[in-house]
Amino acid sequence: MCREKILTDNLDRVEKIISLASQKAVPLAGPVTLMAVTKYAKDQDVLTLLAAGRLHHVGESRVQQAYARWTSPVFAKYPVVKHFIGHLQKNKAAKAAALFDFIDSVDSLTLAETLSHCAVKLGKTLKVLVQVKLTDKDTQSGLPLGQARVLAKQIAALPGLAVCGYMAIAPQVQDAQQLRGSFHMLRQAFEEDFPAGKERWLSLGMSADFAVAVEEGSTLPRIGSDIFARNLEDL
Ligand SMILES: *Cc1c(COP(=O)(O)O)cnc(C)c1O
């Protein structure tokens, strides 16, 4: 099978799973939008799906690499919404603020203030999500839910930023029930802090767990390997 067919089949499969899962999510927090995580993808594979009109939201986790890619003329002509989903160092905040539409991994007031300053200078409104930590492990980034909710309120007062939801990475060790429980808890906080009516996003779910995440109310699952690596390792 050719590479292009495998990529579009992968995307079809992911979209089908999302659609089935969203039918089980009652009530839906909003329409579910797929974020294609392109951080490990080959340029050519990303271009294949862009040219096919199949990518609308993309996620990257390295500022320099993403900047080089998405400002190059072949990529820049596609009007996709760009999300930064990695750990953002303060010294890269200006570049990130210039390139991305969303910073989905904000986990400190200092970072938010830096981004606010950059956005004001650029004359743009940068959308941000607060990253929530769903485990006690120190290695996970993000803030415990209570602190994340406080930070969301603080960011709402900063110029140049529009805080519009939460992002979280599920811990790998959790069993399905535990996973569902932590997604559910975050969904409830999200509903209280970001009532429907304004733009809002709840970004849960990666290749390993996006069906459960969408069933529990994620509106922005982030999928990388299931699109760009599945059935492609030996090509
Ligand atoms: C890499 C990454 C993803 C995508 O992970 P896959 O398992 O490849 O789908 C999603 N979210 C974040 C924050 C990531 O860093």
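Refer to the structure presented above.
### Some words on the overall build of the protein
So, point 1. Scanning the protein for helices and strands turns up 10 helices and 8 strands.
So, point 2. C-alpha atoms of the protein, sized along the principal axes, occupy 50 × 45 × 35 Å.
So, point 3. Every one of the 235 residues in the protein was classed for burial, and the buried ones make up 53%.
So, point 4. Excluding contacts between residues fewer than 6 apart, the proportion of contacts in the protein whose partners are at least 24 apart in sequence is 66%.
So, point 5. Entry remark: accessible area of the protein is about 11,200 Å², with carbon and sulfur atoms responsible for 54%.
So, point 6. Charged side chains in the protein number 28 positive and 24 negative. The centres of these two groups are separated by 4 Å.

### Things to note about the pattern of salt bridges
So, point 1. The final tally for this structure, using the stated rule, is 15 salt bridges.
So, point 2. As a salt-bridge pair, arginine 180 and glutamate 215 come within 2.9 Å of each other at their nearest N and O atoms. One end of the pair, arginine 180, is in helix 8 (residues 176-193); the other, glutamate 215, is in helix 9 (residues 210-215), and 35 residues separate them in sequence.
So, point 3. Taken together, the salt bridges that share partners define one network made up of Lys24, Arg180, Glu215 and Glu216.

### Considerations on the site of the ligand
So, point 1. The local shell around the ligand consists of Val37, Lys39, Ile85, Ile169, Met206, Ser207, Arg222, Ile223, Gly224 and Ser225.
So, point 2. The side chain of serine 207 places a nitrogen or oxygen atom 2.5 Å from an oxygen atom of the ligand.
So, point 3. Measuring from an oxygen atom of the ligand, one finds a backbone N or O atom of serine 225 at 2.8 Å.
So, point 4. Burial of the ligand by the protein amounts to 86% of the accessible area it has alone, namely 390 Å².
So, point 5. Its residues assigned to classes, the shell around the ligand comprises 5 nonpolar, 3 polar and 2 charged.

### Structural notes on the packing of aromatic side chains
So, point 1. Across all of its chains, the model carries 5 aromatic pairs by this definition.
So, point 2. Aromatic side chains tyrosine 166 and phenylalanine 194 sit 5.2 Å apart centroid to centroid with 85° between the ring planes, which places their arrangement in the edge-to-face category. Taken as a pair, tyrosine 166 in strand 6 (residues 161-169) and phenylalanine 194 in the loop between helix 8 and strand 7 (201-203) lie far apart in primary sequence, 28 residues in all. Neither residue differs from the other here; tyrosine 166 and phenylalanine 194 are each classed as buried.

### Comments concerning unusual backbone geometry
So, point 1. Phi is positive for asparagine 231, close to 60°, though the residue is something other than glycine.
So, point 2. You can see asparagine 231 is positioned in the segment after helix 10 (225-228).

### Overview of the environment of glutamate 60
So, point 1. You can see glutamate 60 is positioned in strand 2 (residues 57-60).
So, point 2. Under the relative-accessibility criterion, glutamate 60 is labelled buried at 1%.
So, point 3. A C-alpha to C-alpha distance of 15 Å links glutamate 60 and leucine 129, two positions 69 residues apart in sequence.
So, point 4. Within the structure, the side chain of glutamate 60 is placed 2.8 Å from the side chain of arginine 69, a separation counted as a polar contact.

### Some thoughts on the packing of helix 1 (residues 3-24) against helix 2 (residues 43-51)
So, point 1. Contact geometry for helix 1 and helix 2: axes closest at 10 Å, N-to-C directions at 65°. Of the possible angle classes, the one that applies to helix 1 and helix 2 is roughly perpendicular. Judged by the sense of rotation from one axis to the other, the crossing of helix 1 with helix 2 is right-handed. On helix 2, the residues that touch Arg3, Glu4, Leu7, Thr8 and Leu11 of helix 1 are Asp45, Thr48 and Leu49.
So, point 2. Broken down by class, the residue content of the contact of helix 1 with helix 2 amounts to 3 nonpolar, 2 polar and 3 charged.

### Brief notes about the sheet that holds strand 4 (residues 102-106)
So, point 1. Taken in spatial order, the 8 strands of this open sheet run 7-6-5-4-3-2-1-8, and their pairing is parallel. Unpaired on one side and paired on the other, strand 7 and strand 8 (222-223) mark the two borders of the sheet.
So, point 2. When strand 4 meets strand 5 (residues 126-133), the two strands line up parallel, connected through 3 bridges. When the bridges of strand 5 are listed, isoleucine 103 appears paired with valine 128.

### Focus on the side chain of asparagine 10
So, point 1. Position of asparagine 10 relative to the elements: it lies in helix 1.
So, point 2. The contact partners of asparagine 10, leaving out residues within four places of it in the chain, are Asp226, Ile227, Arg230, Asn231 and Leu232.

### Considerations on the nonpolar core
Nonpolar side chains in soluble globular proteins tend to end up buried together.
So, point 1. Ranked by size, the top nonpolar core spans 67 residues in total, and within it Ile103, Leu115 and Tyr166 carry the most contacts.
So, point 2. Setting aside its immediate chain neighbours within four residues, isoleucine 103 contacts Phe84, Leu88, Ala96, Leu115, Leu126, Lys127, Val128 and Leu129.
So, point 3. Ranked by size, the runner-up nonpolar core spans 9 residues in total, among them Val37, Ile85, Phe102 and Leu220.

Definitions and cut-offs
Residues numbered from 1 in each chain as written. Predicted model: local features only at pLDDT ≥ 70, side-chain atom pairs only at ≥ 80, totals over all residues. Heavy atoms only, no water. Helix = DSSP H or I, 4+ residues; strand = E, 2+ residues; numbered from the N terminus. Buried < 20%, exposed > 50% of the residue type's maximum accessible area, 1.4 Å probe, protein only. Contact = heavy atoms within 4.5 Å. Areas by Shrake-Rupley, 256 points an atom, 1.4 Å probe, with all protein chains shown as cover. Lys, Arg positive; Asp, Glu negative; His and termini not counted. Charge placed at Lys NZ, Arg CZ, Asp CG, Glu CD. Salt bridge = Lys/Arg side-chain N within 4 Å of Asp/Glu carboxyl O. Near = heavy atom within 4 Å. Polar contact = N/O pair within 3.5 Å; in protein donor to acceptor, adjacent residues only side chain to side chain. Nonpolar A, V, L, I, M, F, W, Y, C, P; charged D, E, K, R; others polar. Phe/Tyr/Trp six-rings, centres within 6.5 Å; stacked < 30°, edge-to-face > 60°. Axes fitted to C-alpha atoms, helices over the stretch in contact; angles between N-to-C directions. Parallel < 35°, antiparallel > 145°, perpendicular 65-115°, else oblique. Left-handed = near helix turned anticlockwise from the far one by under 90°. Pairing = 2+ DSSP bridges. Core = buried A, V, L, I, M, F, W, Y, C linked by side-chain atoms within 4.5 Å.

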